[in-house]
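Listed below, chain by chain, are the residues.
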Amino acid sequence: KRQRNVQCFDDLLLDVKEALDGPGGPELAEKLRTRYRAALIDEFQDTDPVQYAIFRTVFGPGESPLFLIGDPKQSIYSFRGADLFAYLQASRSVSRRHTLRHNWRADPALVDAFNAIFRHPGRPPFLFEDIPFVEAVAGDVPGRVRLTLDGRPDPPFRVVFLDRPCLEAAGAATNQARATDLITAAVAAEIARLLDLGASGRARIGDAPLSEADIA
């Protein structure tokens, strides 16, 4: 890479960390703190150990505010180097912790359903004790409408379970690609069923028939 004068993203990070760890590190950290009076790291759950070491070295002494915003339950980028344990280590060293509990997007009954599923005494819902489940509170959004079928509110949460006989009959019990196709077909069939009910006026969102624009 040096011969070709090429750098990738990881090289930039490693160069900064090496400089901070070197003899001129304290001076570099001071210059960065002078230039950036505070740091706000969004999506911190996708931070890798090198990035966290840089933030901790520059802003860790407490001379400048460091805000870490993240949700360990959304840490899905391990293939890019994201390290959940770097997040957990950082979460143990913060001086204050704030949690956004209000959900302004989902139907209150849906929020209640999720809370009921993940509320399990005696067992960590996300495998690690350091990742607790904090129950969400549904925000009061005026004008919220729900799906109704034949005039009755439709359950906001439904589990579709494909048992082993069903998977075996479709040749998907040990084949992930076929299982994916089976799940895709089940979702498509449910969407088609709802749209058919909407076309006949039996499925409605508020006062309007359910349509394609209501499907996400």
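For the structure, check the block above.
Note that the structure is predicted; figures quoted are calculated from it, not measured. (Residues numbered from 1 in each chain as written. Predicted model: local features only at pLDDT ≥ 70, side-chain atom pairs only at ≥ 80, totals over all residues. Heavy atoms only, no water.)

**Some details on the overall build of the protein**
- When you go through the protein residue by residue, the secondary structure sums to seven helices and eight strands.
- Taking 17 Å as the expected radius of gyration for a compact globule of 216 residues, we find that the protein reaches 24 Å, considerably beyond that expectation.
- By the burial criterion, 23% of the 216 residues in the protein qualify as buried.
- Of the contacts formed within the protein by residues at least 6 apart in sequence, a portion of 65% connects residues at least 24 apart.
- In the structure as shown, the protein presents an accessible area of about 15,900 Å², 55% of it carried by carbon and sulfur atoms.
- Between the centroid of the 27 positive side chains of the protein and the centroid of its 30 negative side chains there is a distance of 2 Å. (Helix = DSSP H or I, 4+ residues; strand = E, 2+ residues; numbered from the N terminus. Rg over C-alpha atoms; globule rule 2.2 N^0.38 Å. Buried < 20%, exposed > 50% of the residue type's maximum accessible area, 1.4 Å probe, protein only. Contact = heavy atoms within 4.5 Å. Areas by Shrake-Rupley, 256 points an atom, 1.4 Å probe, with all protein chains shown as cover. Lys, Arg positive; Asp, Glu negative; His and termini not counted. Charge placed at Lys NZ, Arg CZ, Asp CG, Glu CD.)

**Regarding the sheet that holds strand S5 (residues 147–149)**
- Spatial ordering of the open sheet is given by S6-S5-S7-S8, a layout of four strands whose pairing is antiparallel. Two strands bound the open sheet, and with one partner strand each, they are strand S6 (152–153) and strand S8 (208–209).
- One ladder, built from two bridges, connects strand S7 (residues 203–205) with S8; its direction is antiparallel. Looking across to S8, one finds that Ile205 is bridged to Ala208. (Pairing = 2+ DSSP bridges.)

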